[in-house]
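Remarks on the overall topology
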Amino acid sequence: MVSTEILAEIPFFSDLTPEEREFLAPIANEVTAKPGELFFEEGSASHNLRILRSGFVSLRQKVDEEHDAQMLALSSPGDLFGISALLGDKGIHPYSAICVEDTDVIVIDAKELFQRMESNPTAGYHLLRKLVAIVGERLAGAREQIRTRIVPGLISHG
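Remember, predicted model here, so these are calculated numbers, not experimental data.

**A closer look at helix H3 (residues 110-119)**
- Ala 110, Leu 113 and Met 117 are the residues of H3 that are buried. Summarising the axial view, the buried residues of H3 lie within an arc of 60°, below the 170-degree limit, and thus occupy one face. Facing away from the buried side of H3 by over 90 degrees, the exposed positions are Lys 111, Gln 115, Glu 118 and Ser 119.
- Among the residues of H3, the N-terminal cap falls to Asp 109, whose side-chain oxygen and the backbone nitrogen of Lys 111 are separated by 3.0 Å.

**Digging into the side chain of Ser 58**
- Among the secondary structure elements, Ser 58 is positioned in strand E3 (residues 48-62).
- Within the structure, Ser 58 has its side chain in polar contact with the side chain of Arg 60 (distance 3.3 Å).
- Within the local environment of Ser 58, its side chain forms a polar contact with the side chain of Gln 70, the two groups lying 2.9 Å apart.

**Considerations on the pairing of strand E4 (residues 68-74)**
- Alignment of E3 against E4, held across six bridges, turns out to be antiparallel. Bridge assignment links Arg 60 to a residue of E4, and that residue is Gln 70.
- Count of turn residues in the E3/E4 antiparallel hairpin: five residues.

What counts as what
- Residues numbered from 1 in each chain as written.
- Predicted model: local features only at pLDDT ≥ 70, side-chain atom pairs only at ≥ 80, totals over all residues.
- Heavy atoms only, no water.
- Buried < 20%, exposed > 50% of the residue type's maximum accessible area, 1.4 Å probe, protein only.
- Helix = DSSP H or I, 4+ residues; strand = E, 2+ residues; numbered from the N terminus.
- Arc of directions from axis to C-beta.
- Polar contact = N/O pair within 3.5 Å; in protein donor to acceptor, adjacent residues only side chain to side chain.
- Pairing = 2+ DSSP bridges.

By themselves these figures say nothing about function.
Right, here's the structure in full:
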């Protein structure tokens, strides 16, 4: 179990009251990973939301059978990954997450999180608002990556 003080330091939980963080603390666990450890593999079922506490995680996607590309690097405390777990039974990891240096991560079972959010709709609303903002930022970043790779004249606009 992660303490409520640790949860209070994480931006994802910052809008919650101390009582709401106390309510979530029992389902949050901290794990430590070493360089090279795989948190999850691209295409696998997603069950846990993960929040970076310290360290560095590389999110990588296969380009072909022999190569992969880094899609995102997580190094800021509070960065979320494994958010596909919040899609329920249809959640599949779109990338692999690999530990690059000694890393501490908070792991929360998505089903348990949803049960808690349903029993406390105010906390659920605050968490979903944060999640939507994170997903929106990532979509904007993906759009920018695509935009910078488009060769003028290669793609028709008509």
